[in-house]
Amino acid sequence: MGFPLTANAADTWTASGPGTATVAENGGSLSFSYNAGHTSAEYGGLTWTFEATAAAPVDTTYDWKISGCHSWFMASVEVREFVTHNGVTTWTPMVSGGAACGFSYSGTLDVHAAAGDTYGFTVFGRNFDYSQVMVGTLALTPHDSTPPVITPTITGTMGSNGWYTSDVGVSWNVTDPESAITAESGCSSTTVTADTTGQVFTCTATSAGGTSTRSVTIMRDATPPAIAFSGNPGSFTVADTVNITCNATDSTSGVASTSCPGVVSQPAWQLALGTHSYTANAADMAGNAGTATTSFTVTVGYDSLCALTGTFSTNPDVTQGLCDKLAAAKSSAIRGQSKAKDNVIHAFGNQVDAQTGKALTSSQAALLKSLSGSL
């Protein structure tokens, strides 16, 4: 069992000596006070005894401090710890020195006593002064040999690889069961609300047992990767080549995976006329996922269909004949002559049919006829 310094300990303390002698419990510590109350010099000295009988083994370390006033002229004090075991008393000197008014001595002492032993302290005071003063207090507190225990509490949404993906709360629990916390630094609660690649928080606390320091590093990335597309003017003709790429970036935790860089790369004529949308994905090291979509339209006009015809045809004369018909159809459309335009487009289709398997493959011919129907 430890040294019984609390009010509910099993050992009962007694105090004896001239004048008054008392024992008082104060926040888990004991104070032994004495007051001679005499009005003349104490040449032979006075002794006060504070003792208890150990109800269980005592094996502990405590801090002590004695202070007071034994007058001024040739005033002295002597404090000893004692243990009486099987009728034999062992004495341990604690202090012997001057004791003029305002004196103060302190130290640390180990106490060992078996169950049934009588143990305690004696205070001896002397002066050669006709003053009436000889008072003092011997205070005992448990010795704290260990610094405070600092426990961090971190709240937030944990993502991947040690990254938080939300605001992060950091708080500290500082405890020391043996002595009071006398100083703290950096131990206030805080919240991390901005992305950071590593913000360090350090709590330092001090007690009678020493100083402890605990640090935590918070990595916060609540922002998904950014995805940027390039190569998309928004519209392509059937004669163009579509080549859209993308790039994913993440300035905090970094990109872990992405479907970039390729989005679409192919001749526009291979795509249907109208609107097309493509989506790219990316994830960062914290586990945030980002998506982005880009859209474009594929169109056909007289000029672009002529250009595509030239790409397909293996016979320049055939190409020229087909493009002439498209040019004539365009002129008719501009003049508002829809019937004339339709007749020329029909002639365009007839020539395409005639060149199937010759200057044009069957699939090329079918596509040119289909596209001409959209003019």
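Here the structure is a predicted model, which is why all the values come from computation and not from measurement.

Participant: Looking at this model, I keep getting lost on the sheet that holds strand S19 (residues 241-249). Mind explaining?
Facilitator: Strands pair in a sheet through their backbones, by hydrogen bonds, and they do so in one of two ways: parallel or antiparallel. Taken together, three strands build an open sheet; the order of strands is S17-S19-S21 and the sheet is antiparallel. Where the open sheet ends on each side, the last strands, each with one partner, are strand S17 (226-230) and strand S21 (262-267). Going from strand to strand, the sheet's axes swing by 15° on average, the running direction of each strand aside. Here S17 pairs with S19 via five bridges, running antiparallel. The residue bridging Ile-227 from the neighbouring strand is Ala-248, located in S19.

Participant: What is the right way to read the state of the cysteines from this model?
Facilitator: Between two cysteines, a covalent bond joining their sulfur atoms is known as a disulfide. Tallied over the entire structure, the rule returns four disulfides. What pairs with Cys-246 in a disulfide is Cys-260, and their sulfur atoms sit 1.8 Å apart. Its S-S torsion of approximately -120° makes the covalent link between Cys-246 and Cys-260 left-handed. Within this pair, whereas Cys-246 is found in strand S19, its partner Cys-260 is found in the loop between strand S20 (255-258) and S21, the two being separated by 14 residues in sequence. Neither Cys-246 nor Cys-260 differs from the other in exposure class; each is buried. The residue that forms a disulfide with Cys-306 is Cys-323, at a sulfur-sulfur distance of 2.1 Å. Because the torsion about its S-S bond is 105°, the bridge between Cys-306 and Cys-323 counts as right-handed.

Participant: Can you help me understand unusual backbone geometry in this one?
Facilitator: Here the amide bond leading from Cys-260 into Pro-261 is cis, since omega sits at 15°, within 30 degrees of zero. Relative to the assigned elements, Pro-261 resides in the loop between S20 and S21. Its identity is not glycine, yet Met-74 carries a phi of approximately 50°, on the positive side. Mapped onto the secondary structure, Met-74 falls in the loop between strand S5 (58-69) and strand S6 (76-85).

Participant: It is not clear to me how the pairing of strand S10 (residues 135-142) should be interpreted in this structure. Could you clarify?
Facilitator: Regular strands show a simple pattern: their side chains alternate between the two faces of the sheet. Across six bridges, strand S3 (residues 29-35) lies against S10 in antiparallel orientation. For Ser-31, the partnering residue across the bridge sits in S10 and is Ala-139.

Participant: Looking at this structure, how should I read the side chain of Gln-351?
Facilitator: Within the secondary structure layout, Gln-351 lies in helix H3 (residues 338-354). In contact with Gln-351, other than residues within four places in its own chain, are Val-318, Gly-321, Leu-322 and Lys-325.

Participant: Is there a simple way to think about the pattern of salt bridges in this case?
Facilitator: A side chain of one charge can pair with a side chain of the opposite charge when the charged atoms of the two come close. Summed over the entire model, instances satisfying the criterion amount to six salt bridges. Salt-bridge contacts for Arg-80 lead to Glu-78; the nearest nitrogen and oxygen are separated by 3.7 Å. Relative accessible area serves as the criterion here: at 29%, Arg-80 is assigned to the partly exposed category. The exposure class assigned to Glu-78 is partly exposed, which follows from its relative accessible area of 30%. The network of salt bridges with common partners includes Asp-167, Asp-195 and Arg-220.

Participant: For this particular structure, what's the right way to read the environment of Ser-104?
Facilitator: Mapped onto the elements, Ser-104 comes out in strand S8 (residues 103-113). The class of Ser-104 is partly exposed, set by a relative accessible area of 40%. Counting along the chain gives 32 residues from Ser-104 to Gly-136, while the straight-line C-alpha distance between them is 9.4 Å. If we ignore the near neighbours within four places in the chain, the residues touching Ser-104 are Lys-65, Ile-66 and Ser-67.

Scoring rules and cut-offs
Residues numbered from 1 in each chain as written. Predicted model: local features only at pLDDT ≥ 70, side-chain atom pairs only at ≥ 80, totals over all residues. Heavy atoms only, no water. Pairing = 2+ DSSP bridges. Helix = DSSP H or I, 4+ residues; strand = E, 2+ residues; numbered from the N terminus. Axes fitted to C-alpha atoms, helices over the stretch in contact; angles between N-to-C directions. Disulfide = S-S within 2.5 Å. Buried < 20%, exposed > 50% of the residue type's maximum accessible area, 1.4 Å probe, protein only. Contact = heavy atoms within 4.5 Å. Salt bridge = Lys/Arg side-chain N within 4 Å of Asp/Glu carboxyl O.

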